Amino acid sequence: MRVFSGMQPSGTPTLGNYLGALRHFVEIQDEAECFYCVVDLHAVTVPQEPAALHRQTRQLSALYLAAGIDPRRSVLFLQSHVPAHSQLGWLMECLVHYGELGRMTQFKEKSEGKEGVSAGLFTYPALMAADILLYQATHVPVGEDQKQHLELTRDLAERFNKRYGDTFVIPEPLIPKVGSRIMSLDDPTKKMSKSSANPGSYISLLDSPDEIRKKIRRAVTDSEAEVRFDPQRKPAVSNLLTIYSSCTDKTIPELEKQYSGVGYGPFKQDLAEAVVARLEPLQERYRELVDSEELDRILAEGATKAKAVAEPNLHLVFERMGFLLPR
Ligand code: AQP
């Protein structure tokens, strides 16, 4: 079993990124050979202020480690340090159909009503396919929002194999049963996103305990006072229950029972403390790492290990497609 997954340094990761992706990256290290990438090339599909991109890239790398990615067992690296990603990305752009990219819901959501949408935002799924296929990953842990991009990756791998002979492994998505789609705190119809313009809509992994308490206190609920899991009729409260359950060992039915008849106040208070307790050790380790030389060393070693796998695969692709290889 070989795993590849990535996260964009397009903001500070949120509790959604953690519950939908990062914590599973950590768990799966026991079973698989894992490649984890800070996909910085994806982040610039929307404008990024250079100093912010620089900081966010260090932040995300440190958060991977603080969450429990073990660099002795897994490969942690930056996408821009391994040029094979851009090279295979171009070949995937030439394989994918314009119509397929146009059907991607994330592109529609991110481009809606915006002027000056970059071509990179449109072709992003081709680069994502390259990221995964370069490592011949068998499994890709992602949140629900990435399912469509992963299906496209599978289609592209199959198309390539059919056209040029068996080359790529067809990767399977690994989508968690609970926490695969954490919703915004201010609008339960939208997913929680690190690049949202309203910081009150998400809990960042680096929010202070007081910020976390304030954001949860202000999170929208509904006009009833019943802590009940019903995503259709009570999406906001159901989202809070999902977060609570994911941050503790308690199941959703146990939580419904515990808060039956007590209203939203005590529920939100305890939820905030559960989130604070879950993030505290992670934040402590993060502070030790973020500006350390250890972090630079881990990323340099990661890039070397990633190149050792990516480059031979890229050469194989060039060869299969008929490129004249340098001698
Ligand atoms: N709300 C979410 N609930 C569960 N999982 C989520 N993921 C993202 N949002 C949620 C998962 O986190 C991983 C990293 O995502 P990404 O950095 O590649 O970008 P994204 O999916 O576009 O996440 P964001 O936070 O919404 O970033 P921006 O705002 O920059 O677009 C993925 O596995 C994703 O499924």
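Residues numbered from 1 in each chain as written. Predicted model: local features only at pLDDT ≥ 70, side-chain atom pairs only at ≥ 80, totals over all residues. Heavy atoms only, no water.

Points about the side chain of Gln-146
Consideration 1: One can find Gln-146 in the loop between strand S4 (139–141) and helix H8 (147–164).
Consideration 2: On the accessibility criterion, Gln-146 (13% relative accessible area) is buried.
Consideration 3: At 3.5 Å, the side chain of Gln-146 forms a polar contact with the side chain of Tyr-124.
Consideration 4: Beyond its immediate sequence surroundings of up to four residues, Gln-146 is in contact with Gln-106, Tyr-124 and Met-128. (Helix = DSSP H or I, 4+ residues; strand = E, 2+ residues; numbered from the N terminus. Buried < 20%, exposed > 50% of the residue type's maximum accessible area, 1.4 Å probe, protein only. Polar contact = N/O pair within 3.5 Å; in protein donor to acceptor, adjacent residues only side chain to side chain. Contact = heavy atoms within 4.5 Å.)

Focus: the environment of Arg-287
Consideration 1: The residue Arg-287 is located in helix H12 (residues 264–289) in this model.
Consideration 2: Since its relative accessible area comes to 57%, Arg-287 is described here as exposed.
Consideration 3: Sequence separation of Arg-287 and Leu-63 is 224 residues, and the distance between their C-alpha atoms is 9.3 Å.

Examining the UniProt feature "binding site: L-tryptophan" (unreviewed entry) in the protein
Consideration 1: Mapped onto this numbering, the UniProt entry gives "binding site: L-tryptophan" (unreviewed entry) at Asp-131.
Consideration 2: Structurally, Asp-131 can be placed in helix H7 (residues 119–133).
Consideration 3: A residue is classified by how much of its surface remains accessible, and Asp-131, at 2% relative accessible area, is buried.
Consideration 4: When sequence neighbours within four positions are dropped, the list of residues in contact with Asp-131 reads Phe-4, Val-39, His-42, Gln-79 and His-85.
Consideration 5: A polar contact is formed between the side chain of Asp-131 and the side chain of His-85, at a distance of 2.8 Å. (UniProt positions renumbered as here; feature names shortened; annotations may be inferred.)

Topic: the domain arrangement of the protein
Consideration 1: Here the domain parsing of the protein yields domain 1 (2–179 + 293–321) and domain 2 (209–286).
Consideration 2: With 13 residues of domain 1 at the contact, the number on the domain 2 side is 10 residues.
Consideration 3: Regarding the contact of domain 1 and domain 2, the summed buried area is about 1000 Å², with carbon and sulfur atoms giving 71% of it.
Consideration 4: Area buried by domain 1 at its contact with domain 2 is led by Leu-15, Tyr-18 and Ala-66, which between them contribute 41% of it.
Consideration 5: Taken together, the connections running from domain 1 to domain 2 amount to 1 salt bridge.
Consideration 6: Linking Arg-285 and Glu-294 is a salt bridge whose minimum nitrogen-to-oxygen distance equals 4.0 Å. (Domains from an automatic or database assignment. Buried area = accessible area lost by both parts, 1.4 Å probe. Salt bridge = Lys/Arg side-chain N within 4 Å of Asp/Glu carboxyl O.)

Some thoughts on the site of the ligand
Consideration 1: The environment of the ligand is formed by 23 residues, the closest being Ser-10, Asp-145, Ser-193, Lys-194 and Ser-195.
Consideration 2: Gly-143 is positioned with one of its backbone polar atoms (N or O) 2.8 Å from an oxygen atom of the ligand.
Consideration 3: Ser-195 places a polar side-chain atom, nitrogen or oxygen, 2.4 Å from an oxygen atom of the ligand.
Consideration 4: Calculation on the ligand without its partners gives an accessible area of 640 Å², and the protein chains cover 98% of this total.
Consideration 5: Every element with two or more residues in the shell around the ligand is listed here: strand S1 (2–7), helix H1 (15–27) and helix H6 (105–111). (Near = heavy atom within 4 Å. Areas by Shrake-Rupley, 256 points an atom, 1.4 Å probe, with all protein chains shown as cover.)

A few points about H8
Consideration 1: For H8, spanning 18 residues, the distance from its first C-alpha to its last is 26 Å, which sits close to the expected 26 Å at 1.5 Å a residue.
Consideration 2: All buried positions along H8 are accounted for by His-149, Leu-150, Leu-152, Thr-153, Leu-156, Ala-157, Arg-159, Phe-160 and Asn-161.
Consideration 3: Immediately downstream of H8, the backbone of Gly-165 shows phi near 95°, a positive value. (Expected span 1.5 Å × (residues − 1).)

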